[in-house]
Amino acid sequence: MMSVVAFYSNHSNVELQNEWENRLKIYNPLINLVPLLSDQAEYAKTALLWKPPLERVKKLKNLQGLISLGQGVDHIIKDNIIDYEIPIVRIVDPFMAKSMSHWVVMSILNYIRDTFGYYTQQKNKIYKPRKEINFTTLKIAVYGIGAIGSVVAKDLKQLGFRVHGWSRTQKKISGINCFIGKDKFKYLLETCDIHICLLPLTIETKNIFNNSSFKIMKHGSCFINAGRGEQVVEEHLIENCKLGHISAAILDVYRKEPLPKESKLWDLKEIRIWPHVAAETNPETAAKQIANAIKHIENGKIPPNTIERKLGY
Ligand code: NAP
Ligand code: GLV
C-alpha cells in the first residue's frame, strides 16, 4: 500500500519535495510525498514539515504523526495550534551537528584572528599585524549541550579552548565543565568571553539573552547565536554592540526570518549576518531516519526522536 506523506517546506517547493521523495524511496519505494496544501494530503498519515501553515495541518484528520524537517520543532508546536496528542518527531543527524561545529569554529577563529580587520587592511593595502587574542586565556560557554551543542563543545575543546556547557539536566562530558540552573547561567555569563547559544526555543529560553544577561557579560564579549532568533532581544543586543560591551555578534537566526531589510542588525560593524544556514538539513543523511519514523507512525508506534511535548523540545 502507498505511504502518503504530506510535505511542506517554507512554501511549496516542488524540486525539494522531489529530492526528498527520491531519497526516501531508497528506504521505502512506496513513499509518496504530496503537497500539504493539495487535496491528496487528506489521505496522509504522516506530515513532513518545515514552518508549515499550522491551521492546515490541524485540518488533516488522518494524520498520526508529524516530522520536523529540522532538529528544532518550535515551528510545529508554536502557539499551541497543534493542541492534540500526536507524536512530533525531530531529525537528529550527526552531519548537522558537525556542520554546526564547523560554523561555530569558523566564527570563533574569524573573531580571534580578526579576519575582517585583515580584509579591511587588504582593501586599503595595509600590511601590518593586528592584535591577536590569546586563545588559552579565553573561556567559552556553550548554552545547550544536546545533540548539536555537545559536538560543538567537544570540538572546541579539541582545538585547545577552555569550554563550559549549560543544560537543563546535568551532563557529564569529558573535558567540558558542565553546569545546570539559573545561578550557573549567571556565572557563565559573568565569567566567559565567548557565548554560544545552541538552545531550543521554549517558554524558558525565549528572550533569555536580554539586557540583563548582556549587561552581566564581561566587557568586550563575543556572542554567537545559532539557536533561535526569539531567544535574543535584538534591540538589547544592538544597544550593547553600540556601546562596545559586546564586541562581536555572529548571528544565524532572527526573530523574523528572512531578516527584514529595515532591521538595524544589518548595519552594525560588530555584527555578522548569516541567513539560517549554520547547519542545514541534508536529505542524503537524514532520509533513512525519516523513512523509519514514517514506518513507525503508520504502524501506530512511537518513533525514535519523538519530542517530549511538555518540555517543548
Ligand atoms: P537538543 O539535543 O534537544 O539539545 C538541546 C540542549 O538545550 C540540551 O542540552 C538541553 O538540556 C538544553 N536545554 C533545553 N532547555 C533548557 C533550559 N531551559 N535550560 C538549560 N538548558 C536547556 O537539541 P539540538 O538538536 O542540539 O538542537 C538545538 C537547537 O539548535 C534546535 O532546537 C534549533 O533551535 C537549533 N538549530 C539551529 C540550526 C541552524 O542552522 N541555525 C540547525 C539545527 C538546529 P538537556 O540536555 O538537559 O535536555
Ligand atoms: C534548523 O534550524 C533546525 O532546527 O534544524
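Caption draft 1: Up close: the overall build of the protein chain. Secondary structure summary: the protein chain contains 10 helices and 12 strands in total. In terms of C-alpha radius of gyration, the protein chain reaches 21 Å, essentially the compact-globule figure of 20 Å for 313 residues. For the protein chain, the spread of C-alpha atoms along the three principal axes comes to 65 × 45 × 35 Å. Per-residue burial over the protein chain gives 50% buried out of 313 residues. For the protein chain, the share of sequence-separated contacts (at least 6 apart) that also reach a separation of at least 24 residues comes to 61%. Between the mean site of the 43 positive side-chain charges and the mean site of the 31 negative ones, the protein chain shows a separation of 6 Å.

Caption draft 2: Layout of the site of ligand 2. Around ligand 2, the neighbouring residues are Trp50, Gly70, Gln71, Gly72, Met96, Arg228 and His276. Within the backbone of glutamine 71, an N or O atom sits 2.7 Å from an oxygen atom of ligand 2. With respect to ligand 2, the side chain of arginine 228 contributes an N or O atom lying 2.7 Å from an oxygen atom. Relative to its free-state accessible area of 190 Å², ligand 2 is covered by the protein chains to the extent of 87%.

Caption draft 3: Quick peek at the sheet that holds strand S1 (residues 3-9). Read from one edge to the other, the open sheet built from five strands follows the order S2-S1-S3-S4-S5, with strand pairing classed as parallel. The outermost strands of the open sheet, each flanked by one partner alone, are strand S2 (31-35) and strand S5 (88-89). Lying over the sheet, helix H1 (residues 14-25) contacts S1, S2 and strand S3 (46-50), oriented at roughly 165° with respect to S2. This element, helix H10 (residues 283-298), spans S1, S2, S3, strand S4 (65-68) and S5 of the sheet and lies at about 170° to S4.

Caption draft 4: View of the side chain of histidine 75. For histidine 75, the position within the fold is in helix H3 (residues 74-77). We classify histidine 75 as buried; its relative accessible area is 4%. A polar atom in the side chain of histidine 75 sits 2.9 Å from the side chain of serine 68. There is a polar contact of 3.4 Å between the side chain of histidine 75 and the backbone oxygen of glycine 72. Once you skip the residues sitting within four places of it in the chain, histidine 75 turns out to touch Leu49, Trp50, Lys51, Pro52, Leu54 and Ser68.

Here is what the cut-offs are and how they apply
Residues numbered from 1 in each chain as written. Chains lettered and ligands numbered in written order. Predicted model: local features only at pLDDT ≥ 70, side-chain atom pairs only at ≥ 80, totals over all residues. Heavy atoms only, no water. Helix = DSSP H or I, 4+ residues; strand = E, 2+ residues; numbered from the N terminus. Rg over C-alpha atoms; globule rule 2.2 N^0.38 Å. Buried < 20%, exposed > 50% of the residue type's maximum accessible area, 1.4 Å probe, protein only. Contact = heavy atoms within 4.5 Å. Lys, Arg positive; Asp, Glu negative; His and termini not counted. Charge placed at Lys NZ, Arg CZ, Asp CG, Glu CD. Near = heavy atom within 4 Å. Polar contact = N/O pair within 3.5 Å; in protein donor to acceptor, adjacent residues only side chain to side chain. Areas by Shrake-Rupley, 256 points an atom, 1.4 Å probe, with all protein chains shown as cover. Pairing = 2+ DSSP bridges. Axes fitted to C-alpha atoms, helices over the stretch in contact; angles between N-to-C directions.

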